[in-house]
Amino acid sequence: MSRRRHSDDSDAGQPHKRRRTSEPSEIEERLESLICRVGEKSNSSLESNLEGLAGVLEADLPNYKSKILRILCTVARLLPEKLTVYTTLVGLLNARNYNFGGEFVEAMIRQLKECLKVNMYNEAVHLVRFLSDLVNCHVIAAPSMVAMFENFVSVTQEEDVPQVRCDWYMFAFLSSLPWVGKELYEKKDAEMDRLLSQAESYLKRRQKIHVPMLQVWTADKPHPQEEYLDCLWSQIQKLKKDRWQERHILRPYLAFDSVLCEALQHNLPPFTPPPHTEDSVYPMPRVIFRMFDYTDDPEGPVMPGSHSVERFVIEENLHCIIKSHWKERKTCAAQLLSYPGNNKIPLNYHIVEVIFAELFQLPSPPHIEVMYTTLLIELCKLQPGSLPQVLAQATEMLYMRLDTMNTTCVDRFINWFSHHLSNFQFRWSWEDWSDCLTQDLEKPKPKFVREVLEKCMRLSYHQRIIDIVPASFSVLSPANPVCIYKYGDESNRSLPGYTVALCLTIAIKNKASNDEIFSILKDVPNPNQDDDDGEGFTFNPLKIEVFVQTLLHLAAKSFSHSFSALAKFHEVFKTLAESDEGKLHVLRVVYEVWKNHPQMIAVLVDKMIRTQIVDCAAVANWIFSSELAHDFTRFYIWEILHSTIRKMNKHVLKIHKELEETKARLARQHKRVSNLFVNSKQNGPLEEQIERLQEKVESAQSEQKNLFLVIFQRFIMLLTEHLVRCETGGIDVFTPWYKSCIERLQQIFLQHHQIIQQYMVTLENLLFTAELDHHILAVFQQFCALQA
Amino acid sequence: GLAWGGAAMSSGGTLSILHSDSYAELSQYRDQHFRGTRYDQERLLRKSCTLYVGNLSFYTTEEQIHELFGKSGDIKKVIMGLDKVKKTACGFCFVEYYARGDAENAMRYINGTRLDDRIIRTDWDAGFKEGRQYGRGRSGGQVRDEYRQDYDAGRGGYGKTVQCQ
C-alpha cells in the first residue's frame with residue numbers, strides 16, 4: 001500500500017508534521033466528534049441518537065474508557081447548554097455499566113475540586129448542575145446530593161470569609177434546583193425545607209451595598225434591576241409554590257425512564273468545600289438585566305415572568321451558548337436562533353435581552369464589545385423579517401430610559417448604536433427622537449444623540465452626517481473636524497509669537513532639523529519669567545504654543561502626517577515639555593488646535609504618551625483642568641483617560657513579565673551550572689539585569705499608583721466643590737453634570753478594580769476618609785463591598 | 001488565572017472541536033511577491049499583528065479605518081495603499097496592532113462588515129515592507145481593478161481595461 005501523503009514542495013526544511021495516522025487516535029477523534037455533536041440537528045430523533053451513541057461508547061469502554069471519561073467530563077464543563085443531553089447519555093451508560101457510572105462520578109468530583117482550587121467558579125457551577133441532574137438520571141442517589149448541598153449551604157455559617165464566597169455556594173445550590181428541585185424534594189422534603197430556610201435567612205442578612213454600582217438603570221420602573229441572588233431566590237420560591245413543576249427544560253431522560261430506573265445509583269462521596277485562601281478569587285456579584293416583559297410582544301408567545309424559573313433557565317442557556325461560540329459569530333447566531341422552545345417563547349426578545357445584558361454588564365462585558373455588534377448583525381441576517389424590528393424596539397426603549405441609565409452603559413449604547421448604523425447606511429427615524437431637541441444639551445437624551453452623531457461621523461465623514469439627519473437636528477450635529485490655527489490669518493499678526501510662527505512654518509516646509517527649530521525658538525520671549533536664569537530651556541508657554549500650533553497645523557492633513565511630525569521633532573517636544581508644566585501646556589495647545597476633532601486629540605495624546613513626550617499623570621491633570629471643564633462630560637475625554645490608564649497598566653505588566661522571564665532564565669542557568677561552581681553570589685549579567693528590572697518594576701508600579709491617586713484626588717476636589725456650592729446655594733445636588741461625574745468616578749473603580757484593590761489601605765487612609773461628603777464616600781464603600 | 005486554568009486541569013482536557021476559531025485562521029491566499037519560503041511566510045502569518053484590508057472605497061480615510069479597527073484594540077499603525085503612479089488611495093490598507101489578540105478580534109468581528117457602506121475583507125499579512133503600499137496592477141492601482149467589468153463608483157468606476165476600450 002502506498003504511504004504517500006500530500007506532497008508539498010516547499011516542505012524543505014520543515015519538520016514532518018504528518019506521520020502515518022494510527023488507528024487509536026483516529027478512533028479517539030471519532031469519539032470526540034460523536035460525543036460533541038450529539039444533540040445537534042439530525043434526521044433521527046435525539047432519543048435514538050443517544051441510544052445509538054450509548055451503545056457505541058459501551059462497546060468502546062474496554063479500550064477507551066479513560067478517554068471517554070475525559071471527553072464526558074469536558075463537555076459537562078464546557079457545554080452546559082446541552083446539560084440534559086449529556087446527563088441522559090451518562091445515565092444510559094451507567095445503566096449498562098455500573099462501574100463506569102461510578103468512575104465518572106468520581107472523575108467529576110475531582111474535576112469540581114480542581115475548578116474550585118483554580119478559581120474557575122463559573123465552570124464549577126456547571127459541574128454542580130450536571131451532578132444534580134444525574135440524580136434525575138438515576139446515576140446519583142438523591143440523599144447524597146442533598147448532603148452535598150447541605151455542605152454547600154453550611155459555608156454561609158463560616159466566619160471571617162468574604163461574602164462572595166458564601167454567595168457562590170448559595171448560588172451553586174439554588175441554581176441547580178430548577179433541574180433537580182422536584183426530585184430532591186420528593187425524596188428529602190424535610191432536609192430541603194431546612195436548606196431553603198437557611199438560604200432565606202442568609203439572603204436576608206447578607207449586605208447589598210454593592211448593588212447600586214452594578215445597576216444599569218437607577219430607576220426601578222418599569223423593571224427593577226435586581227441583585228442576582230435575590231432574583232434567583234424569588235424564582236425558586238415561586239418554583240416551590242408551583243410544587244416544583246418545571247416545564248421548560250428539555251429532559252431526554254424522561255423517554256428512557258423504564259431503562260434508567262432499573263439502574264443502580266451511586267452515592268456522592270462526602271464533599272467538603274475547599275477552605276478560603278488568600279488566593280481565592282470569587283465571581284463578582286451581578287445585577288439581572290431586564291428590559292422586556294410579556295407586554296412587549298403582544299402578538300407572539302408570552303414571555304415568562306421575571307420571577308419564573310423558565311426565565312432563569314432560558315437566560316442561563318442563552319448566556320452559555322454565547323460563551324461557547326463567541327469566536328464563531330455565524331455559529332453563535334445560528335445556535336441562539338435554534339434554541340428549543342422557539343414557538344413557545346418569544347425567542348428573539350430573549351436573545352436581544354441577553355445580548356444587551358452582556359453588553360451593559362458592569363463592571364465589564366464578558367466579551368469584547370465589538371463582538372456583540374457583529375453578532376446582532378449576523379442575527380439580523382438570519383432573521384431579516386423579525387429580528388431587526390425587535391432590535392429597533394429595544395433601541396427605542398433604551399433611548400426612552402436614558403435619563404436613568406448608568407453613564408458607562410450609555411457609552412456602550414453609543415458605541416453599539418453608531419457602529420450598527422454604519423452597517424445599515426445610517427438609516428434611522430431620527431424624527432421620532434425630536435423630543436430631545438427641546439431639552440438642555442447636557443440632558444441625557446440630547447447628549448446621547450450628539451455623541452452618536454459624532455461617532456457616526458468618525459465612521460464616515462462630516463457631510464454624510466449632515467445629510468442623514470433632519471435639518472432640525474443640526475444643533476446636535478458634530479462640528480466640522482477642522483484644525484484651528486491661531487496664527488493663520490494676517491489679522492492675527494499682533495499676537496505674540498506670530499512672526500516666529502511664520503519663520504517656523506517656512507523652516508519646517510524646508511525640512512529644517514531639530515537644531516534649526518531650537519535656534520528659531522530661542523528668540524521667543526518667556527511671558528512667565530522676569531529674568532532668564534541662564535538654564536536655557538525652562539518652561540516657556542509661548543515657545544510651546546508657537547511650535548505646537550505651527551507644527552500641528554502643517555501636519556493637519558492626516559493622522560500619519562501628524563505622527564510623522566511628532567516623530568521628526570521629537571527632540572524639540574521632549575525639551576519643551578521637560579517640566580510638568582510643559583507637559584500640561586503641550587496638551588492644552590493640542591486641544592486648542594484640534595478641539596473640533598476629538599478623534600485627532602485622542603490619537604495625538606496616545607502617541608505622545610507612547611513616545612514619552614507627556615506622561616500619564618500629565619494627561620490626568622489636563623483632563624481635570626479648568627480649560628477642559630467645558631468638555632468634561634464628553635465621551636471622548638473619558639475614552640482618553642481610560643486609554644491612558646490602560647497604557648499605564650500594560651506598561652507595568654510588560655516590565656513585570658520581562659522581570660519574571662529574566663528570573664526564569666537565571667533559574668535555568670543555575671540549574672545548568674552544576675555544583676562545581678560554588679560561587680553563586682557572583683553578580684553576573686543576568687543578576688544585574690534582574691536588579692535593574694526590579695527597579696524598573698517598582699518605579700512603574702509607583703507611577704501607576706500615583707496616576708490613580710491623582711485621578712481620585714481630582715474627582716474628590718471637583719465633586720466636593722459642587723456639593724458645597726449646592727448646599728450653600730440651596731440647590732439640588734443631582735444635576736446632569738453631577739450624575740455624569742459621580743458615575744465617571746464609579747467607572748474608574750469598576751474598570752480597573754483589580755489594580756485598585758492593591759491600594760485599598762492608602763485610599764481608605766488618605767483619600768476616602770470619614771470626613772468626606774457621604775455622596776462621594778458611598779462610591780468608595782460600594783466598591784469595597786464588591787469583593788467583601 | 002482563567003486563561004491557563006483549562007489547559008492545566010488534569011482530569012478534563014480541552015477538545016479542539018469545541019474551540020473552533022475559523023475567522024482567525026489563515027486564508028488560502030499567499031503573497032506571491034513574498035521573499036522567502038512558504039514555510040517562512042506561514043510562520044510570519046501565524047504570529048503577525050498586521051492585517052491587510054481590502055475592498056475599501058478610494059475615498060475611505062485613515063481616520064475612518066482607525067475608528068473602525070480601533071474597536072478591537074490599540075492600533076500601532078495604519079498604512080494606506082496607494083496607486084503606484086498617482087500616489088493616491090487605491091482601495092486597500094494595512095492595519096498593524098500592538099497585540100496579536102487584537103488583530104485576531106478584528107478578523108473575527110470586523111472582517112466581513114461594512115466601512116463606507118462596503119463589505120471590507122481582512123486577511124493576515126506577513127508584515128509591511130517598503131514598497132508593499134503600492135498597487136500591483138499595470139495601471140498603478142490594484143490588480144483586481146485592472147480587469148473587472150462592473151462599475152464601482154467607490155473604486156474609480158469601470159475596471160482599467162474596460163476604461164481603455
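Residues numbered from 1 in each chain as written. Chains lettered and ligands numbered in written order. Predicted model: local features only at pLDDT ≥ 70, side-chain atom pairs only at ≥ 80, totals over all residues. Heavy atoms only, no water.

K.L.:
Looking at this model, I keep getting lost on the overall build of chain A. Mind explaining?
P.N.:
The helix and strand tally for chain A stands at 34 helices and zero strands. Summarising its shape, the C-alpha atoms of chain A cover approximately 100 × 80 × 65 Å along the three principal directions. Counting across all 788 residues of chain A, residues that qualify as buried make up 54%. Pairs at least 24 residues apart make up 75% of the contacts formed inside chain A by residues separated by at least 6 positions. Taking the average place of the 88 positive charges on the side chains of chain A and the average place of its 100 negative ones, the gap between the two points comes to 5 Å. (Helix = DSSP H or I, 4+ residues; strand = E, 2+ residues; numbered from the N terminus. Buried < 20%, exposed > 50% of the residue type's maximum accessible area, 1.4 Å probe, protein only. Contact = heavy atoms within 4.5 Å. Lys, Arg positive; Asp, Glu negative; His and termini not counted. Charge placed at Lys NZ, Arg CZ, Asp CG, Glu CD.)

K.L.:
Quick question: what am I supposed to make of the overall build of chain B here?
P.N.:
Summing up its helical and strand segments, chain B has six helices and six strands in all. Put simply, chain B runs from its N terminus to its C terminus through helices and strands in the order α-α-β-α-β-β-α-β-β-β-α-α. In terms of overall dimensions, chain B has a C-alpha envelope of 70 × 35 × 25 Å along the principal axes. For chain B, the accessible surface area stands at approximately 8200 Å², while carbon and sulfur atoms represent 52% of it. Of the charged side chains in chain B, 25 are positive and 22 negative; the average position of the first set lies 5 Å away from that of the second. (Areas by Shrake-Rupley, 256 points an atom, 1.4 Å probe, with all protein chains shown as cover.)

K.L.:
In this structure, what is going on with the interface of chain B and chain A? I would like to understand it.
P.N.:
Where interface size is given, it is often the accessible area lost as the parts come together that is meant. Chain B puts 45 residues into the contact, and the matching count from chain A is 54 residues. Summed over both partners, the interface of chain B with chain A comes to about 4400 Å²; 52% of that surface belongs to carbon and sulfur atoms. There are five salt bridges connecting chain B and chain A. The partner of Asp117(B) in a salt bridge is Arg464(A), and the shortest N-O contact between them spans 3.1 Å. Listing elements by their share of the side of chain B that touches chain A, those giving two or more residues are α1 (2-8), α2 (38-47), α3 (62-69), β2 (75-82), α4 (100-109) and β4 (114-115) of chain B. In terms of residues, the side of chain B that touches chain A owes the most to one element, α3(B), which gives six residues. (Buried area = accessible area lost by both parts, 1.4 Å probe. Salt bridge = Lys/Arg side-chain N within 4 Å of Asp/Glu carboxyl O.)

K.L.:
Whenever I open this one, the packing of aromatic side chains confuses me. Can you help?
P.N.:
What describes a pair of aromatic rings is the distance from one ring centre to the other and the angle between the planes of the rings. Residues and elements named next belong to chain A. Tallied over the full model, the rule gives 54 aromatic pairs over all chains. Judged by centre distance (4.7 Å) and plane angle (35°), the rings of Phe-749 and Phe-783 are tilted. In this pair, Phe-749 sits in helix α31 (residues 736-751) while Phe-783 sits in helix α34 (residues 774-786), placing the two residues 34 residues apart along the sequence. An identical accessibility class is assigned to Phe-749 and Phe-783; each is buried. (Phe/Tyr/Trp six-rings, centres within 6.5 Å; stacked < 30°, edge-to-face > 60°.)

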